[in-house]
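Structural features, examined
Spelled out, the chains give:
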Amino acid sequence: STPVMPAFCSQALRGEPLTVFGDGLQTRSFCFVSDLVRCISGLMESNLTEPCNVGNPHEMTMLQLAEYINRFTGNTAGILHKPLPKDDPTRRKPDITRAMETFGWAPQVGFEDGVDDAGQELGGQERESERQDVADRERERANRDAGLQHGLERAGGRAAEAERPHDEIEPERDAEPAQAAVH
């Protein structure tokens, strides 16, 4: 199954209702990459040899997440409830006590700030992609216009030749001489 964030964002950007399984009260927690990188660095520099949970202990229900993503993207299609799969966990909340006590790590990026930052970055990539598409279309149009201009110039030259009396028309320079037919 697709992780919930990419699934919700894709559905919202397509203007579709977000699919929430069950009543949507099952929870998930979201930790942003910058926080995970800091945690992994802290783990590598520590003397910790026991397992250590990483993540963000702040929980959010799937319903809260769906409503937030719809608001964030401006999607008005709403939410579609489907039956809850049997293997869907009802709660995900990491206990990060060991990371906090051993090397003082805790997530710093709040959910809304992280989503906003990710949205701005993706929007920037989208704008860059749009700029590239415009530049590509302008290049194609310029090439097409240059080809049309060249074709018109050639056609105009031929039209001018056709208007001259037959004895004034010069043979094309690249044309091969006609060969006599052998019988």
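What you see is a predicted model, and the numbers here were worked out from it, not measured in a lab. (Residues numbered from 1 in each chain as written. Predicted model: local features only at pLDDT ≥ 70, side-chain atom pairs only at ≥ 80, totals over all residues. Heavy atoms only, no water.)

**Some remarks on the overall build of the protein chain**
Secondary structure assignment for the protein chain yields five helices and four strands. Secondary structure of the protein chain in N-to-C order comes out as α-β-β-α-β-α-β-α-α. Counting across all 183 residues of the protein chain, residues that qualify as buried make up 21%. In the protein chain, of all internal contacts separated by at least 6 residues, the share reaching a separation of at least 24 is 84%. For the protein chain, the exposed area adds up to about 13600 Å²; of that, 52% sits on carbon and sulfur atoms. (Helix = DSSP H or I, 4+ residues; strand = E, 2+ residues; numbered from the N terminus. Buried < 20%, exposed > 50% of the residue type's maximum accessible area, 1.4 Å probe, protein only. Contact = heavy atoms within 4.5 Å. Areas by Shrake-Rupley, 256 points an atom, 1.4 Å probe, with all protein chains shown as cover.)

**Description of the confidence of the model for the protein chain**
Counting all residues, the mean pLDDT for the protein chain is 81, and 70% of those residues have values of 70 or more. Contacts from residues 159-164, a stretch scored under 50 in pLDDT, to residues over four places away or in other chains number three contacts. (pLDDT = per-residue confidence, 0-100.)

**What to know about the side chain of Asn 56**
With respect to the helices and strands, Asn 56 occurs in the loop between α2 (33-45) and β3 (59-61). Judged by relative accessible area, Asn 56 falls into the buried class, the value being 11%. A polar contact is formed between the side chain of Asn 56 and the backbone oxygen of Phe 30, at a distance of 3.4 Å. Contacts of Asn 56, omitting those with residues within four sequence positions, involve Ser 29, Phe 30, Cys 31, Pro 94, Pro 107 and Val 109. (Polar contact = N/O pair within 3.5 Å; in protein donor to acceptor, adjacent residues only side chain to side chain.)

**Section: helix α1 (residues 4-13)**
In an α-helix, one full turn covers 3.6 residues, which means residues spaced three or four apart are oriented alike. For α1, the complete set of buried residues consists of Met 5, Phe 8, Gln 11 and Ala 12. An end-on view of α1 places all buried positions within 140 degrees of arc, on one side of the element. Just beyond α1, the residue with positive phi is Gly 15, at close to 75 degrees. (Arc of directions from axis to C-beta.)

**Considering the nonpolar core**
If you look at the biggest cluster of nonpolar residues, it comprises 15 residues, and the most contacted ones within it are Met 5, Phe 8, Phe 30, Leu 65, Ile 69 and Phe 111. The set of elements that each furnish at least two residues to this core consists of α1, β1 (18-21), α3 (62-73) and α5 (111-163). A per-element tally of this core places α3 first, with five residues. The residues touching Phe 30, leaving out its near neighbours within four places in the chain, are Val 4, Met 5, Asn 56, His 58, Met 60, Met 62, Leu 65 and Phe 111. In terms of nonpolar packing, the next biggest core, distinct from the first, is built from six residues, Leu 48, Cys 52, Ile 96 and Ala 99 among them. (Core = buried A, V, L, I, M, F, W, Y, C linked by side-chain atoms within 4.5 Å.)

**A closer look at the environment of Gly 42**
Within the fold, Gly 42 resides in helix α2. Classification of Gly 42 by relative accessible area gives buried; the value is 15%. C-alpha of Gly 42 to C-alpha of Ala 99: the two residues are 57 residues apart in sequence and 8.4 Å apart in space.

**Points about the packing of aromatic side chains**
Under the counting rule described, the total for this entry stands at four aromatic pairs. Here Phe 30 and Phe 111 contribute two aromatic rings whose centre-to-centre distance is 5.6 Å and whose plane-to-plane angle is 50 degrees, an arrangement assigned as tilted. Of the two residues, Phe 30 sits in the loop between β2 (27-29) and α2 while Phe 111 sits in helix α5, which places them 81 residues apart along the sequence. Just as Phe 30 is buried, Phe 111 falls in that class too. When the ring of Tyr 68 is compared with that of Phe 111, the centres are 5.3 Å apart and the planes differ by 70 degrees; the resulting orientation is edge-to-face. Of this pair, Tyr 68 sits in helix α3 while Phe 111 is found in helix α5, placing the two residues 43 residues apart along the sequence. With respect to burial, Tyr 68 and Phe 111 carry one shared label: buried. (Phe/Tyr/Trp six-rings, centres within 6.5 Å; stacked < 30°, edge-to-face > 60°.)

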